[in-house]
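Chain by chain, the residues run as shown.
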Amino acid sequence: MTDWLKNSVFYQIYPQSFYDTNSDGIGDLLGITLKLDYIKDLGCNAIWINPIYDSPFLDAGYDVRDYKKIAPRYGTMDDFEHLLSEAHKRDMKILMDLVPGHTSDTHEWFQAAKNAYPTEFDDRYIFTDCVWEAPTDYRLMCGICERDGNYLVNYFSSQPALNYGFYKVTHPAWQKSSDSPEAWATVDALKDIMRFWLDKGIDGFRVDMADSLVKNDDEKIATAKIWRNMREMLDRDYPNAVMISEWSNPQRAIVNAGFHGDFYLDHHGNGYNSLFRKKIGDDNQSFFADHSHGDIEEFLADYFLGYNCSKDHGYICFITNNHDMPRAPFYMSDWMIRLSHAFMMTMPGVPFIYYGDEIGMRYRTDLISKEGGFSRTGSRTPMQWNSEKNAGFSDSDEDMLYLPIDRSEDAPTVEKQQGDPDSIYENLKALIALRKANPSLSNDSEIEVVYGKSHEFPFVYRRGEFTAFFNPSDNDAQVDYDMSGAENVYTLGGYESGDGFVKILPRSFLLIRQ
Ligand code: GLC
Ligand code: CA
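Residues numbered from 1 in each chain as written. Chains lettered and ligands numbered in written order. Predicted model: local features only at pLDDT ≥ 70, side-chain atom pairs only at ≥ 80, totals over all residues. Heavy atoms only, no water.

Evaluation of the coordinates by the stated rule reveals 59 aromatic pairs. Here Trp-4 and Phe-10 contribute two aromatic rings whose centre-to-centre distance is 6.3 Å and whose plane-to-plane angle is 50 degrees, an arrangement assigned as tilted. Ring geometry for Trp-48 versus Phe-352: centroids 6.2 Å apart, planes at 70 degrees, classification edge-to-face. With Trp-48 in strand 2 (residues 46-49) and Phe-352 in strand 14 (residues 352-354), this pair connects stretches of sequence that are 304 residues apart. By relative accessible area, Phe-352 is classed as buried at 1%. The ring of Trp-109 carries Arg-124 above its face, with NZ or CZ at 4.6 Å from the centroid. Over the aromatic face of Phe-127 sits the side chain of Arg-147, whose NZ or CZ is 3.8 Å from the ring centroid. (Phe/Tyr/Trp six-rings, centres within 6.5 Å; stacked < 30°, edge-to-face > 60°. Helix = DSSP H or I, 4+ residues; strand = E, 2+ residues; numbered from the N terminus. Buried < 20%, exposed > 50% of the residue type's maximum accessible area, 1.4 Å probe, protein only. Lys NZ or Arg CZ within 6 Å of the ring centre and 35° of its normal.)

Structure (structure tokens):
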């Protein structure tokens, strides 16, 4: 049973930047094992680790060379098994990152497929039938291999798309249908990889670009069919395991495709963006922004579309951030981050905390691209543990570090924040504890909006016996509300209440139980 998911709080680990135990400047698996108690103490009971497979690292590991081998820079299979058993001893779960849509062009399947002579992997990727065939509506790499054809890539040029077929076949000479045996042979190959890790006892997968499998599949009908098939395998053979999708479309991901959870990502114009990342030029129009003038209705309209259809099937996963987006301090003050954490820890779904967000680690705009990071590089810097050498991340020489440490005087560290009741860390820890102690705050109760009007404050919602009030704006925000019998459970900032009303002070959060 995947019941464990319901009250879980995840911690996302970018392994190369978390904790280095052999002084080569790169985080490793033993480093994660040694920090399990730290993660558990924060209140998280589950971990998603970004890809740790063998890779040339042209996309930081999302370019897999061998799905069944641990990248040597992270350690060995023994190190992984040790991590898994130490996590399970602590009743913690581990999700690996599944990259189903593409491999590295150094993967042995591709090395075989790109050759001029026939091999058993010729249909594992999508090649046109001749080198002169290069329709411009596809992202094709042309003329760089000996095989008489061009191949489709998904993301970087080094990431050839795996062949799950085409839902609408427009070029029958080289496109296989998504129902073809060739397409389903790829599905079988992916299942084999999933089984390999599930048989080791992992608790499931975060699935990279889950919607990318079948081509010419605008409605994602054939892509959903494949994931349904995977879900059946899980339900039958690995009933405790879960799949969480990088998709950001609960209808398609959770309802149609059968994912247990789907990330709410920062996509232009969606509810997540409107809450936390909506910056137009210098004007921050997010709801959770300093001097907020955001519009909560933008969020509500988008969120409830997804929530209402998917709530009986799986969870929308709020994220503090991830390895693909600028970290929160790029958009808001530490105080506003605390308010936003209060929101995420009192909403339905399964929250994910990106390493370092528990101390408000900053987004670096001064770094050049590392391993395909581009602008994402600034969110991937080493974890800041303490005031020791390299912020306690690594004993290596400075020039060997995976990425530079934030050396600013006021750079946050775990050491500085632990025990400080006014820190982002202690605030988040208390909120996680509250969520975990009260099933109504995780997923045992639905959400009911009490007050949520366009460009007005506060925003108020009920979760079972709890009511949460948010006023990120600079002005008092009053709402009609009967506080009789209310017990104050958590406050940031302040409030006043009287006969039939509550006034939430500027930049404040209030949680009551009634
Ligand atoms: C996902 C990953 C991202 C990666 C891309 C290609 O979006 O989160 O980091 O670059 O897929 O695999
Ligand atoms: Ca290391």
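Picking up after the structure, the text goes on.
Taken together, Asp-20 (OD), Asn-22 (OD1), Asp-24 (OD), Ile-26 (O) and Asp-28 (OD) make up the protein donors of the calcium ion (ligand 2), found 2.3 Å from the metal. Donor residues for the calcium ion (ligand 2), ordered by position in the chain, follow D-x1-N-x1-D-x1-I-x1-D. Residue class for Ile-26 comes out buried when judged on its relative accessible area of 15%. (Donors = N, O, S within 2.8 Å, 3.2 Å for Na, K, Ca; no water.)

A separate point is the environment of Asp-203. One can find Asp-203 in the loop between helix 5 (181-200) and strand 8 (204-207). The class of Asp-203 is buried, set by a relative accessible area of 8%. Measuring from C-alpha to C-alpha, the distance between Asp-203 and Lys-93 comes to 5.8 Å, with 110 residues separating the pair along the chain.

Of all hydrophobic cores here, the largest spans 146 residues; its most connected members are Tyr-11, Trp-227, Phe-299, Phe-318 and Phe-343. The next biggest cluster of nonpolar side chains, apart from the first, holds 10 residues, and it includes Tyr-451, Phe-469, Tyr-481 and Ile-512. (Core = buried A, V, L, I, M, F, W, Y, C linked by side-chain atoms within 4.5 Å.)

Moving on, we come to helix 12 (residues 424-437). With 14 residues, helix 12 extends 20 Å between its outermost C-alpha atoms, agreeing within 8% with the 20 Å of an ideal straight helix rising 1.5 Å per residue. Every buried residue belonging to helix 12 is among Ile-424, Tyr-425, Asn-427, Leu-428, Leu-431, Ile-432, Leu-434 and Arg-435, and all of these are buried. For helix 12, the secondary structure elements touched by its buried residues are helix 2 (36-42), helix 10 (334-344), strand 14, helix 11 (414-417), strand 19 (487-492) and strand 22 (508-513). (Expected span 1.5 Å × (residues − 1). Contact = heavy atoms within 4.5 Å.)

So, on to the sheet that holds strand 21 (residues 501-504). Judged by pairing direction, the sheet is antiparallel, and its three strands sit side by side in the order 18-21-20 without closing on themselves. Because the sheet does not close on itself, it has two edges, and the strands there are strand 18 (477-480) and strand 20 (495-498). Pairwise comparison of adjacent strand axes, ignoring direction, gives a mean angle of 15 degrees for this sheet. Bridge count for strand 18 against strand 21 is four bridges, and the pairing is antiparallel. Within strand 21, the position partnered with Gln-478 by the bridge is Lys-503. (Pairing = 2+ DSSP bridges. Axes fitted to C-alpha atoms, helices over the stretch in contact; angles between N-to-C directions.)

For the buried Asp-203, which has no salt bridge, the nearest side chain bearing the opposite charge is Lys-93, at an N-O separation of 4.2 Å. A distance of 2.8 Å separates the side chain of Asp-203 from the side chain of His-88, its partner in a polar contact. Those residues in contact with Asp-203, other than ones at most four positions away along the chain, are Trp-4, His-88, Met-92, Lys-93, Ile-94, Leu-95, Asn-240, Ala-241 and Val-242. (Lys, Arg positive; Asp, Glu negative; His and termini not counted. Salt bridge = Lys/Arg side-chain N within 4 Å of Asp/Glu carboxyl O. Polar contact = N/O pair within 3.5 Å; in protein donor to acceptor, adjacent residues only side chain to side chain.)

An α-helical turn contains 3.6 residues, so a residue and the one three or four places further along point in the same direction. For helix 3 (residues 77-89), with 13 residues, the first-to-last C-alpha span of 18 Å sits near the 18 Å given by 1.5 Å per residue. Residues of helix 3 that are buried: Phe-80, Leu-83, Leu-84, Glu-86 and Ala-87. Seen along its axis, helix 3 keeps its buried residues to an arc of 165 degrees; they face one direction. Every exposed residue of helix 3 that faces more than 90 degrees away from the buried side is listed here: Asp-78 and Lys-89. One or two residues past the end of helix 3 sits Asp-91, with phi positive at roughly 65 degrees. (Arc of directions from axis to C-beta.)

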